[in-house]
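Topology and contacts: notes
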Amino acid sequence: MMIQLGTSESFSITSLLTKLTISSQSPLTLHLQILLFGIWNARNSILFKNIILLTMWKKLWSIICRNTVLLNTPNNTQHSEATPIPHTSHQHLPPSLSPDTPALFVDAAIDHHNGLTGAGFVFKRGYQTVLASQYRRLPGVVSPIFSEGQALLQSLKWCIDSQFSPQVVFSDCLNLVSKVNGDWQDNSAISGLVSRIRMLLSNFPGASLQFLPRQFNMDAHNHAREALRSGEVS
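Below: a short report on this structure.

Quick notes on the rules
Residues numbered from 1 in each chain as written. Predicted model: local features only at pLDDT ≥ 70, side-chain atom pairs only at ≥ 80, totals over all residues. Heavy atoms only, no water. Axes fitted to C-alpha atoms, helices over the stretch in contact; angles between N-to-C directions. Helix = DSSP H or I, 4+ residues; strand = E, 2+ residues; numbered from the N terminus. Left-handed = near helix turned anticlockwise from the far one by under 90°. Contact = heavy atoms within 4.5 Å. Nonpolar A, V, L, I, M, F, W, Y, C, P; charged D, E, K, R; others polar. Buried < 20%, exposed > 50% of the residue type's maximum accessible area, 1.4 Å probe, protein only. Pairing = 2+ DSSP bridges.

1. Side note on the packing of helix 4 (residues 144–162) against helix 5 (residues 174–181)
- Close contact between helix 4 and helix 5 brings their axes to 9 Å; oriented N to C, the two are set at 60°. For helix 4 against helix 5, the interelement crossing comes out right-handed. Along its contact with helix 4, which presents Ile145, Glu148, Gly149 and Leu152, the element helix 5 presents Asn175, Leu176 and Lys179.
- In terms of residue class, the contact of helix 4 with helix 5 is made up of three nonpolar, two polar and two charged.

Okay, structure coming up:
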């Protein structure tokens, strides 16, 4: 179907519908569309008596008006490509710990190049008060979880030798914590290490092993890294 506007200009009604119904992010563009449409609609209402054509014009008008309302709604949730969309971040929180609770914080660091493991452990009252700390440089690197297990084992031996009695032991290796706390028979490659850790933990009745995200375990982490910088190998 072709529409004549009184001049040599002509265009397809399908093309017009396509162009004018494209969603625009600019209210100015929509206002211009409405103005042009108003002129065309008034002219064609006089020139044409075709009911089908007028019905199509009305549908087009309703689409443009709807888009205008959406763009001018205060609660409009559309974002332009240049507007950053905020992302919800889930921040890990440390387990609840009383300021008077004796706690052991453990971490490991690995030097793959030299085949060394650094073990760091800090004995605290609550999260803030450091009572004692130690680090050890251990030979060999098998895997990250094995190094974390070695650090945990050494820290428990250190507490026994120093007569410290932690009520909570923290490690930032979730996989290791799950294995030690599991009530099943561990048959993995570190099953022997897990068994020894469980045995040493039994020396502290009521003590629990808990996961602590790395950002809250930086004292032990820094001690583990310091162990790698030292020249002494345990």
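2. Side note on the pairing of strand 3 (residues 102–111)
- Here strand 3 lies mainly inside the structure; nine of its ten residues are buried.
- Sheet topology places strand 3 next to strand 4 (residues 116–125); ten bridges connect them, and they run antiparallel. Paired with Asp107 across the two strands is Gly120, which belongs to strand 4.
- In sequence, strand 3 turns back onto strand 4 through a hairpin of four residues, with Gly115 there showing a positive phi of about 65°.
- The sheet contact formed by strand 3 and strand 6 (residues 168–171) spans four bridges and is parallel. When the bridges of strand 6 are listed, Ala103 appears paired with Val168.

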